[in-house]
Amino acid sequence: MCQRSPSNTICESLFANLIVLVHLPPPDRDWVVLDETSSSSNSPTEKITVLSYNTLCDSSATQSHYGYVPSRVLAWEYRRELIINELRSHSSDIICLQEVDQGSYNNYFREQLAYNDYKGVYWPRGRAMGMQEEDARSVDGCATFFKGSKYILLDKQLINFGQTAVRRPDAKGQDDIYNRLWQKDHIAVVIFLENRQTGARFISVNAHLYWDPAFKDVKLIQTAILMEEITKLSDKYAKWPACTDKTAFRFSEAESGTENAPVVEPAPSMEYSCGDQIPVLMCGDFNSSPGSAAYNLISTGRLPEEHPDLEKRLYGNLSKVGMTHPFKLKSAYGSMGELSFTNYTSDFTAILDYIWYSSNTLHVSALLGEVDKEYLRRVPGFPNFHFPSDHVALLAEFTVKGKKGKVVEADFGPQRH
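Heads up: these notes are all about the structure in this document. (Residues numbered from 1 in each chain as written. Predicted model: local features only at pLDDT ≥ 70, side-chain atom pairs only at ≥ 80, totals over all residues. Heavy atoms only, no water.)

## Digging into the nonpolar core
Right, on to step 1. The biggest cluster of nonpolar side chains holds 49 residues, and the ones touching the most others in it are Leu87, Ile94, Leu97, Phe109, Phe145, Ala332 and Phe398.
Right, on to step 2. Element by element, the count of residues in this core is highest for strand β3 (residues 94–101), at five residues.
Right, on to step 3. Excluding anything up to four places from it in sequence, phenylalanine 145 contacts Asp93, Ile94, Ile95, Leu97, Tyr105, Phe109, Arg110, Leu113, Tyr118, Lys119 and Gly120.
Right, on to step 4. Membership of the second largest hydrophobic core comes to 48 residues, among which are Ile177, Ala200, Ile225 and Tyr295. (Core = buried A, V, L, I, M, F, W, Y, C linked by side-chain atoms within 4.5 Å. Buried < 20%, exposed > 50% of the residue type's maximum accessible area, 1.4 Å probe, protein only. Helix = DSSP H or I, 4+ residues; strand = E, 2+ residues; numbered from the N terminus. Contact = heavy atoms within 4.5 Å.)

## Some remarks on the packing of helix α3 (residues 76–90) against helix α4 (residues 102–114)
Right, on to step 1. Put simply, α3 and α4 touch, their axes get as near as 11 Å, and they point 35° apart. The crossing of α3 and α4 is right-handed. Every residue of α4 that contacts α3 at Trp76, Arg80, Glu81, Ile83, Ile84, Leu87 and Arg88 is listed here: Ser104, Tyr108, Phe109, Gln112 and Leu113.
Right, on to step 2. Per-class residue counts for the contact of α3 with α4 are seven nonpolar, two polar and three charged. (Axes fitted to C-alpha atoms, helices over the stretch in contact; angles between N-to-C directions. Left-handed = near helix turned anticlockwise from the far one by under 90°. Nonpolar A, V, L, I, M, F, W, Y, C, P; charged D, E, K, R; others polar.)

## A few points about the sheet that holds strand β12 (residues 329–331)
Right, on to step 1. If you trace the six strands from one edge of the open sheet to the other, you get β6-β7-β8-β9-β15-β12, paired in mixed fashion. For this open sheet the edge positions go to β6 (151–160) and β12, each flanked by a neighbour on one side alone. Averaged over all pairs of adjacent strands, the angle between strand axes in this sheet comes to 20°, irrespective of strand direction.
Right, on to step 2. In this structure, strand β8 (residues 201–208) lies alongside strand β9 (residues 280–285), joined through six bridges in parallel fashion. Across the sheet, the residue bridging to isoleucine 203 is valine 280, located in β9.
Right, on to step 3. Strands β6, β7 (187–195), β8, β9 and β12 of the sheet are contacted by helix α8 (residues 216–237), whose axis makes an angle of about 145° with β6. (Pairing = 2+ DSSP bridges.)

## Remarks on the packing of aromatic side chains
Right, on to step 1. Counting across every chain of the model gives 21 aromatic pairs.
Right, on to step 2. Both rings, one in tryptophan 76 and one in phenylalanine 109, keep their centres 6.1 Å apart while their planes meet at 65°; by these two values the pair is edge-to-face. Here tryptophan 76, found in helix α3, pairs with phenylalanine 109, found in helix α4; they are 33 residues apart in sequence, far enough to count as distant. The burial state of tryptophan 76 is the same as that of phenylalanine 109; both residues are buried.
Right, on to step 3. Measuring from ring centre to ring centre gives 5.7 Å for tyrosine 105 and phenylalanine 145, while their planes differ by 35°; the resulting arrangement is tilted. Here the residue tyrosine 105 occupies a position in helix α4, and phenylalanine 145 occupies one in strand β5 (residues 140–147), the gap between them amounting to 40 residues. (Phe/Tyr/Trp six-rings, centres within 6.5 Å; stacked < 30°, edge-to-face > 60°.)

## Quick notes on empty space enclosed by the protein
Right, on to step 1. According to the stated counting rule, one finds two cavities of 30 Å³ or more in the structure shown.
Right, on to step 2. In this model, the second largest cavity occupies a volume close to 30 Å³.
Right, on to step 3. Arg29, Leu339, Phe341, Gly369, Glu370, Val371 and Val392 together form the lining of the second largest cavity.
Right, on to step 4. Across the lining of the second largest cavity, the residue classes tally to four nonpolar, one polar and two charged. (1 Å grid on protein atoms, 1.4 Å probe; cavity = no way out; pocket = protein on both sides within 12 Å on 5 of 7 lines; lining within 4 Å. Points joined across faces, edges and corners; volume = space filled by probe spheres on them.)

## Points about the pairing of strand β16 (residues 362–368)
For a regular strand, side chains alternate in direction, first toward one face of the sheet and then toward the other.
Right, on to step 1. Here β16 lies mainly inside the structure; seven of its seven residues are buried.
Right, on to step 2. Taken together, the three bridges between strand β1 (residues 31–33) and β16 define a ladder with antiparallel strand orientation. Along β16, the bridge assignment pairs valine 32 with leucine 367.
Right, on to step 3. Note that β16 and strand β17 (residues 394–400) share five bridges and pair antiparallel. Opposite leucine 367, over in β17, you have alanine 396 as the bridge partner.

## Focus: the sheet that holds β3
Right, on to step 1. Reading across from one edge, β1-β16-β17-β2-β3-β5-β4 is the order of the seven strands in this open sheet, with mixed pairing throughout. Looking along the sheet, the strands with just one partner apiece sit at the ends: β1 and β4 (118–124). Shown here is a sheet whose adjacent strand axes are inclined to one another by a mean of 25°, direction ignored.
Right, on to step 2. Relative to strand β2 (residues 47–54), α3 is tilted by about 165°, and along the sheet it contacts β2, β3, β16 and β17.
Right, on to step 3. The sheet contacts of α4 involve β3, β4 and β5, and relative to β3 the element is tilted by about 155°.

Set out below in structure tokens:
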């Protein structure tokens, strides 16, 4: 019989402790309240909560990309349960998911979230159009969900950046539109919603831009096209007719226990003088860091012609006369200098995801905070046992301006242990 050496025993003990540490879940991310008034149960302000999450589609979650992740943890069946549990735990009004393939949307997310009062709008990326149905199931896209009892879907639109670019009148002879932009089939999904009770309307955008740093010009033009199309849609929505039927589906009074509850008359549909007066909430994976050209275009509303990121490439009027949009957009997390990261792997950490909002019509009242720093020191990266994607979810609460409460300075404070 072989005797075990003390050194082997020590190594095994250390390994066992390491396994325990890796499996030990992190503390919940703090809910950081920025507006004390809006957190009151008696607050008269209208609130909108929005969650954005790149879920890492199954076809991209390979062992070659994430060799530090056990295969059972990388499996979609494991990860999707964590994703759906997180979505349900936050119960936000709007959910914007990127990297959701058609099969997962139709056979999992749409059905599962329907139990929680969500209705969905989904489009896959452009390549799915020319595929057989079976092959198209694995193509990812953008899925937006909203609380059906709270909001009415007035309109939904797909923005395919490449297809939109080639249809522009100034695209003729602009080789880079065809050689660089058109080949990338990234998209954005736009929905126009109305609050059934208050009549307030807003535009929700769910976007996913190209990732490669070598294509800074493509990301910038995709952003410019996105803002141009939202501008056109907002102008159209400002003229949208009022809703005449706001009745949501309800169980019978006996079933719901509301036979004696007072009936609150819905307010009329709100009217807007122009497109940029309609609140915009724009979520997504923009694959662009703070200070990048795409980020600056969104946050400042303009970029000059012949921007350095374009590298003198030809994109019609977008590269000749510059890019603008009329919205006063701010990053929700910008109030505290953005999160430390939104994408976290063993060899790459960056801020790529954002929730943008119209600062003239909305203000941020609360945010989901950072991931615990002690936890990050003991894990190699995401995904892992507790985080199903290489991205983290962003969650923000907004209040409609006009009934603004006392705003306090954003501070995550010490991490909880």
